[in-house]
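# Working through the structure, step by step
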Amino acid sequence: MIRRARVSVVLSGLLLVTLAGAVVAHWSPRERERAHAADPPALTADALKLAERIYRQGILPSGAPLRAVGAEGELVGAAAACVQCHRRSGMGLFEGNRIIPPIAGRYLQQPRTRGPDELDARHTRGPDLAHAIGRSRAWAPYTQASVRRALTEGIDATGRRFDALMPRYALDEHDARLLGAYLAQLGAERPAGVTPDTLHFATVVTPDVPPAKRAALLDVLAAFCEVRNAGRRLDKLRERRYAGSSGSTYREWQLHVWELTGPPETWPAQLDAAMQRQPVFALLSGIATETWAPVQQFCAQRGVPCWFPTVDLPPTSHDDFYSIYFSDGVTLEAGILARIVSERRPRRVIQLRGQDVAAAGAAQAVTRALGGGPVASEVRVLDTLSPSSLRRALADVTGADAVVAWLRGGDLATLGAVPPPPAPVYFSATLAGDERARLPSAWKGVTRLAYPFELPARRRANVSRFETWLQTRGLPRVDERVQAEAYLTSMLMAEKVDEILEELQREYLLERAEGILATHATTAIYRGLSLGPGQRVASKGGYVVRFGGSDGESLVADSDWIVP
Amino acid sequence: MSRTSIMRRLARGVLALLVAGQVASSRAEPSGQSTRARYQIPDVTLVRADGARVRFRRELDDGRPVILNFLFTTCSAVCPLMSQTFAQLQPRLDENVHLVSISIDPEHDTPSRLKDYAEKVGAGPRWSFYTGTLEASIALQRAFGVYRGNKMNHDPLTFVRVAPDQPWVRIEGFARADAILARYRRLLAAGGPEAPSAP
């Protein structure tokens, strides 16, 4: 009974605060400017850095750790930092039945002037949006004094106590003022690449990408944008005609293709120049077969989201906030293979690779994972892939060994001239791509593939939706992974952009991405996609598969789902 | 069953109900509400933070009292507080009490990540962390009635069971260390491990 009663209280609370949230999201740019006129004075660049350090890292300007008293004792440093709950955007979070309210500037400062009659139905469809429901029912604008009281005594602007999750901070007046000024500017500026009518995105193509893959990706992205814009034009007319509001929620997507040239070390400068020519809100997709690290670095430095690119070798460090990936690509495959090899215990693992950067990274990851274990590992680098170099590399392989061949789809034809070794040969599904079908039939019996996707038989229903979409757009299926990822990345961006409405902050976009579910309706070729706060890779496992089925040509599981 | 044994059981039941009522009403916020339940724990294999693959039922039914919660290591707000509660409980509990935390984000929470997390929250030897397949984790969440479809929807909940033959006590909301400890002690006094029946 008590529980039920509480739920209804929470729900009615949600409804009321939804109204408040709607008011905020409806603020027109001019009204925002007016409201901000009363803001505390802007922080200098140095003060901003110091304030940001309190907010994000829990370090005070003196260098001492931030301290707070929570419900179960003291919190120190990073554990006490505001970002832990309110997130980098300051837009808050909905966790379980708890709302962590937004604390970005205008949510604390703006007076409430519009009535609930202006509630827009769009705001009720994202029930887990803290920003839309985050203001308390009894709400009053915060002043510098009440911000300090909130932080140090846990009492909000109306005199009410915060709940158990909000700690009481040990902050002196100077530091509290600094933090208050930081909150005031948080989310106040509209990011570059967002205009009242247009949302600019860029897709980065690195110079190593073969033309067919490049076209496969760009065709899907262009088709997606075209269809979305066509539909949105109508929405915009409707909005202007009937809703009478600012009309700025429906923006056309404009996709810019940023083609990189030359060596990777020159890419950050090229990206900076491109960004200066045409600022973009985010990088939508992108493609690389070799390194992607300079692009991730650019995104981290410029604070630009890098949204699910199709890359074979994502950087192994995921500490960076701005880049999110479908999977760890060949690094994940290396983890899967290291696990399976440790279980199946061959005498030796012989890894073959060419000069390919992704293959080198993958082979290194296997060596690292097997290091110190009972299975000996050896990498054989083929300067040129030819039947003779391959034959030499496989000459001493026995049935007690296992071979890992980091070869690309185009290389598989070479295998035809060489008899398969008397040992299992593990290939990379990421590198072999759709061309694995061209694997010589003599090799199929010994072939195993590290397969970081859902099994073909199980993903049919999921992929069919995407295939129907391709057909409707008149696009042939040329590269399942590249096309499916381009489609999925666009779908996810559309979903999240529509969710956050006028709160088009880059950090908030990424935080919304963290809420992607394992049970997302469309996961395309993946078994499941799931992120969480701070998580940057959505699909975390894979299988080892082999050729089987009634025709001997289908890919069937040779292992359980493995999460290395 | 002898008459004394029946009387003893009856008295124990009444006492337990009284205790349950007391806990539910002793807290100002309704989140302290607790209920007693017997859960059908599925026979799943989990992986402990130390890498050992274990039959989870055996882990639970090893005779020790259990205090259990569900969490995930990248959780922003709810889990850090629940873990802090467990950390506070640790030194105050009897030696044999088993603190159990099960990941509801098992594909991310690999044993090594759980190990790092355990270190971060100051977990000692009696506090174990478990991960496993997504299916196993969901099966357990369902069994305990905590499955919410998405890890971000999880509620703060704590489960206490003083002995394998006893029901679980399910405590809603942020139960503080003091409240859990008091609850555990009362349960132990009221309905600890079955005493041998009188002849």
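See the structure shown above.
A brief look at the structure comes next. (Residues numbered from 1 in each chain as written. Chains lettered and ligands numbered in written order. Predicted model: local features only at pLDDT ≥ 70, side-chain atom pairs only at ≥ 80, totals over all residues. Heavy atoms only, no water.)

### Focus on the environment of Cys85(A)
Convention followed: Helix numbering and strand numbering both begin at the N terminus, where a helix is a DSSP run of H or I of at least 4 residues and a strand a DSSP run of E of at least 2. The contact rule is simple, with two residues in contact once any of their heavy atoms fall within 4.5 Å.
Within the secondary structure, Cys85(A) is located in helix α4 (residues 83-86). With 16 residues separating them in the primary sequence, Cys85(A) and Pro101(A) have C-alpha atoms 9.2 Å apart. Excluding anything up to four places from it in sequence, Cys85(A) contacts Gly92(A), Leu93(A), Ile100(A), Ser76(B) and Ala77(B).

### Describing the pattern of salt bridges
Residues and elements named next belong to chain A. Rules: Whenever Lys or Arg places a side-chain nitrogen within 4 Å of a carboxyl oxygen from Asp or Glu, that contact is recorded as a salt bridge. Think of it in three bands: with a 1.4 Å probe and only protein chains considered, a residue is buried below 20% of the maximum accessible area for its type, exposed above 50%, and partly exposed in between.
Counted by the stated rule, this structure contains 43 salt bridges over all chains. Glutamate 259 serves as the salt-bridge partner of arginine 214, at 2.3 Å between the closest nitrogen and oxygen. With arginine 214 in helix α9 (residues 211-243) and glutamate 259 in strand β7 (residues 252-259), this pair connects stretches of sequence that are 45 residues apart. Judged by its relative accessible area of 29%, arginine 214 is partly exposed. Of the residues examined, glutamate 259 reaches a relative accessible area of 37% and is grouped as partly exposed.

### With respect to the packing of aromatic side chains
Residue and element names in this part refer to chain A. The cut-off we apply is this: Side-chain rings of Phe, Tyr and Trp (the six-membered ring for Trp) are treated as a pair once their centres are within 6.5 Å; stacked means planes under 30 degrees apart, edge-to-face means over 60, and tilted covers the remaining angles. Here, a charge over a ring means that NZ of Lys or CZ of Arg falls within 6 Å of the ring centre while also lying within 35 degrees of the ring normal.
Scanning all chains against the criterion turns up 27 aromatic pairs over all chains. A centroid spacing of 6.5 Å and a plane angle of 75° characterise the contact between tryptophan 258 and phenylalanine 298, whose relative ring orientation is edge-to-face. With tryptophan 258 in strand β7 and phenylalanine 298 in helix α11 (residues 293-302), this residue pair connects regions lying 40 residues apart in the sequence. Phenylalanine 298 carries the same exposure label as tryptophan 258, and that label is buried. In this structure, arginine 88 is placed above the aromatic ring of phenylalanine 321, and the distance from its NZ or CZ to the ring centre is 4.1 Å. When the ring centre of phenylalanine 321 is taken as origin, the NZ or CZ atom of arginine 536, which lies over that ring, is 4.9 Å away.

### Quick notes on the side chain of Ser389(A)
Residue and element names in this part refer to chain A. Looking at the element boundaries, serine 389 is found in helix α14 (residues 387-394). On the basis of relative accessibility, which here comes to 9%, the residue serine 389 falls in the buried class. Residue contacts for serine 389: discarding those within four places in its chain leaves Leu382 and Thr384.

### Notes on the side chain of Gln84(B)
Tracing the backbone shows Gln84(B) in helix α3 (residues 78-89). Leave out the neighbours within four places in its chain, and Gln84(B) touches Glu72(A), Gly73(A), Glu74(A) and Leu75(A).

### Quick notes on helix α7 (residues 144-153) of chain A
Residues and elements named next belong to chain A. Using the following cut-off: Summarising the geometry, the arc corresponds to the directions from the helix axis toward the C-beta atoms.
Those residues of α7 not exposed but buried are Ser146, Val147, Ala150 and Leu151. With its buried residues spanning 140° around the axis, α7 presents them on a single face. On its buried side, α7 packs onto β5 (168-169) and α8 (173-185). Taken from the residues just after α7, glycine 154 is the one with a positive phi, measuring 75°.

### What to know about the packing of helix α12 (residues 329-344) of chain A against helix α13 (residues 357-370) of chain A
Residue and element names in this part refer to chain A. To be explicit about the condition: Only the stretch in contact is used when fitting a helix axis, every axis being a line fitted to C-alpha atoms; angles between N-to-C directions are given from 0 to 180 degrees. Should the near helix be turned counterclockwise from the far one by less than a right angle, the crossing is left-handed, whereas a clockwise turn marks it as right-handed.
The N-to-C vectors of α12 and α13 enclose an angle of 35°; their axes lie 8 Å apart at closest approach. Classified by chirality, the crossing of α13 by α12 is right-handed. For the pair α12 and α13, contact is made by Val330, Thr331, Ala334, Ala338, Val341 and Ser342 and by Ala358, Ala362, Ala365, Val366, Ala369 and Leu370, respectively.

### Points about the sheet that holds strand β16 (residues 425-428) of chain A
Residue and element names in this part refer to chain A. Selection criterion: If DSSP finds at least two bridges between two strands, the strands pair.
Here seven strands make up an open sheet; going across it, the order is β14-β13-β15-β16-β17-β18-β19 and the pairing mixed. Since the sheet does not close on itself, it has two edges, and those belong to β14 (376-381) and β19 (554-557), each with one partner. The average angle at which neighbouring strand axes cross in this sheet is 30°, direction not considered.

### Quick word on the interface of chain B and chain A
Operational definition: Defined here as a combined quantity, buried area equals the accessible surface (1.4 Å probe) lost by two parts on assembly, summed across both. The definition of a polar contact used here is a pair of N or O atoms within 3.5 Å, where within protein one atom must be able to donate a hydrogen and the other to accept one, and adjacent residues in sequence count solely through side-chain atom pairs. Here the nonpolar group is Ala, Val, Leu, Ile, Met, Phe, Trp, Tyr, Cys and Pro; Asp, Glu, Lys and Arg are the charged ones; every other residue, Gly included, is treated as polar.
Each side of the interface is counted separately: chain B has 35 residues, and chain A has 33 residues. If you sort the residues of chain B by the area they bury against chain A, Ser76(B), Glu107(B) and Met152(B) come out on top, with a joint share of 24%. Our count for the contact surface shared by chain B and chain A stands at two salt bridges. Close ionic contact of Glu135(B) with Arg527(A) constitutes a salt bridge, the shortest N to O distance being 2.8 Å. Taken together, chain B and chain A are joined by 16 residue pairs in polar contact (both at pLDDT 80 or more). In terms of residue count, the dominant contributor to the side of chain B that touches chain A is α3(B) (seven residues). Along the lines of polarity and charge, the residues of the side of chain B that touches chain A split into 13 nonpolar, 14 polar and eight charged.

### Some remarks on the sheet that holds strand β2 (residues 73-76) of chain A
In spatial order, the strands read β2-β1-β5 (chain A); together these three strands make up an open sheet with antiparallel pairing. Across the chains shown, the open sheet's two edge strands, defined by having one partner strand only, are β2 and β5 of chain A.

### What to know about the nonpolar core
The nonpolar side chains of a soluble globular protein tend to be buried with one another. Using the following cut-off: Nonpolar cores were defined as sets of buried Ala, Val, Leu, Ile, Met, Phe, Trp, Tyr and Cys residues, with membership established by side-chain atoms within 4.5 Å.
Counting residues in hydrophobic clusters, the biggest one holds 131 residues, and the most contacted among them are Trp258(A), Trp307(A) and Phe427(A). Here this core takes 10 residues from helix α18 (residues 480-500) of chain A, the largest share from any one element. By size, the runner-up hydrophobic cluster in this structure holds 59 residues, among which are Leu71(B), Met82(B), Leu99(B) and Phe174(B).

### Side note on the packing of α7(A) against α8(A)
Residues and elements named next belong to chain A. This is how it is decided: When describing relative orientation, an angle under 35 degrees is termed roughly parallel and one over 145 degrees roughly antiparallel, while 65 to 115 degrees is termed roughly perpendicular and anything else oblique.
Contact geometry of α7 with α8 gives a least axis separation of 9 Å together with a crossing angle of 110°. Considering the angle they form, α7 stands roughly perpendicular to α8. Only Glu173, Ala176, Arg177, Leu179 and Gly180 of α8 make contact with α7, whose side of the interface consists of Gln144, Val147, Arg148 and Leu151. A class-by-class count of the residues in the contact of α7 with α8 yields four nonpolar, two polar and three charged.

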